[in-house]
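A closer look at the structure
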Amino acid sequence: MSADGRPRLAFMIGDPTGIGPELVAKTWADPAVRAACRPVAVGDARVVARALALVKAPLELVTVTGVAQCGFGAGQLEILDVPNADPDAIPPGRVDTRAGQATLESLEVAVDLARAGQVAGVVYAPLNKQAMHEAGSPHPDELHLVAEWCKAAPGSFGEINVVDQLWCGRVTSHIGLARVAAGLTVPAILEAVRLLARVQRQAGLARPRIGVAALNPHGGEGGMFGPEEAAVIRPAVEAARADGIDARGPFPADTIFVRARRGELDGIVSLYHDQAQIALKLLGFERGVTVGGGLPIVLATPAHGTAHDIAGRGVADPGAFRRAVEVASQLAAGRGGRSR
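An account of the accompanying structure is given in this report.

The rules we used
- Residues numbered from 1 in each chain as written.
- Predicted model: local features only at pLDDT ≥ 70, side-chain atom pairs only at ≥ 80, totals over all residues.
- Heavy atoms only, no water.
- Helix = DSSP H or I, 4+ residues; strand = E, 2+ residues; numbered from the N terminus.
- Rg over C-alpha atoms; globule rule 2.2 N^0.38 Å.
- Buried < 20%, exposed > 50% of the residue type's maximum accessible area, 1.4 Å probe, protein only.
- Contact = heavy atoms within 4.5 Å.
- Areas by Shrake-Rupley, 256 points an atom, 1.4 Å probe, with all protein chains shown as cover.
- Lys, Arg positive; Asp, Glu negative; His and termini not counted.
- Charge placed at Lys NZ, Arg CZ, Asp CG, Glu CD.
- 1 Å grid on protein atoms, 1.4 Å probe; cavity = no way out; pocket = protein on both sides within 12 Å on 5 of 7 lines; lining within 4 Å.
- Points joined across faces, edges and corners; volume = space filled by probe spheres on them.
- Nonpolar A, V, L, I, M, F, W, Y, C, P; charged D, E, K, R; others polar.

Our next topic: the overall build of the chain. The helix and strand inventory of the chain stands at 11 helices and 12 strands. In summary, the chain has a C-alpha radius of gyration of 20 Å against a globular reference of 20 Å for 340 residues, a match within 12%. Across its three principal directions, the C-alpha atoms of the chain cover 60 × 40 × 35 Å. In the chain, buried positions account for 55% of the 340 residues. Considering only contacts in the chain between residues 6 or more positions apart, those separated by 24 or more positions represent 74%. Total accessible area computed for the chain in this model is approximately 13800 Å², and 53% of it derives from carbon and sulfur atoms. Both charge centroids of the chain, one from 34 positive and one from 35 negative side chains, sit 5 Å from each other.

Below is the structure:
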């Protein structure tokens, strides 16, 4: 944490062919963001220069070789230049393996800054999983890649999604729907509840009320539609309560978000990816944030994608990126702002 209480955060520019560089430029120009943190950008300075011109941001681009060189002055966008994505060779608007390679390299630089304590966390603009995979990433998503770099133990981390004040975890993530039921065990559900509770406490909520979703229609109708509620979900909820967590449920998946909207819940654990994502994106697509829960570093990103269809036009909404900065600052403060 800086002397003035603002955490230093790395703003990784995302896939250079998407809207990420534009989001960074627009967000940097927001005085409220600068009041919340001390940012340093990470990525190709040529890409950011074009983004600044595109959105007509009144900022001077300043390249640095390390965080220690940053003055965090008003009117300046300071960037740790990673010259790996020449915008003349890699145009915006389509998936490109070269952009995937640049993404992997720049993301690792930003993560290494956080691991070394030079920044308190990383906020990264949208990445493209296909481009990263084509460039050689061995993982289906960036969370598992960052976890590998951080040497996080398998099963100790997971995605947490945030819309406004509602925080959502999930038991299974990027797997096919046909595999979901087999992945639902008491230990897996319990760990998802524990993870969400830990992250919410770090964000400042002392005793979050966490609802767990059911798998089957109408919560299983007493076993008529399936055994999972009685066999694994309810025992996991009871185990979480025995741990001192205010866990509740299982609640039918088609009403659990109604409960949250009424203010009855602070968090939800869903059982598979789209069970929560559809509801969350309806509640606030332009404000959704994804957090890397359980990692030794703070990691946050907008919950939307690279939006190749509008990349390079200057029309992207920076709301979710700004919210990601707010959430990362909140989490960094909960950890004591671990940057030197």
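Turning our eyes to something else, we now look at the layout of surface pockets. Roughly 430 Å³ of internal volume is contained in the largest pocket. In terms of lining, the largest pocket is formed by 21 residues, of which the most central are H144, F157, G158, V171 and S173. For the lining of the largest pocket, the secondary structure elements donating two or more residues are helix 6 (142-149), strand 6 (158-163), strand 7 (166-170) and helix 7 (186-202). With 4 residues, the single largest contributor to the lining of the largest pocket is helix 7. Going through the elements one at a time, helix 6, helix 10 (273-284), strand 11 (289-293) and strand 12 (298-302) are the ones with two or more residues in the lining of the second largest pocket. The element that contributes the greatest number of residues to the lining of the second largest pocket is strand 12, accounting for 4 residues. Residues that form the lining of the second largest pocket fall into these classes: 9 nonpolar, 10 polar and 5 charged.

Further remarks concern empty space enclosed by the protein. The full count for this structure, using the stated rule, is 2 cavities of 30 Å³ or more. Taken as a whole, the largest cavity holds about 50 Å³ of empty space. Forming the walls of the largest cavity are N161, V162, V163, Q277, L280, K281, G284, G288, V289 and A303. Per-element tally for the lining of the largest cavity: the top contributor is helix 10, with 4 residues. Across the lining of the largest cavity, the residue classes break down as 5 nonpolar, 4 polar and 1 charged. Forming the boundary of the second largest cavity are M12, I13, G14, P16, D44, N84, A85, A102, T103 and S106. Among the elements that line the lining of the second largest cavity, the one with the most residues is helix 4 (residues 97-115), at 3 residues. Classifying every residue of the lining of the second largest cavity by side-chain character gives 5 nonpolar, 4 polar and 1 charged.

Treat this as a map of the structure, not an account of what it does.
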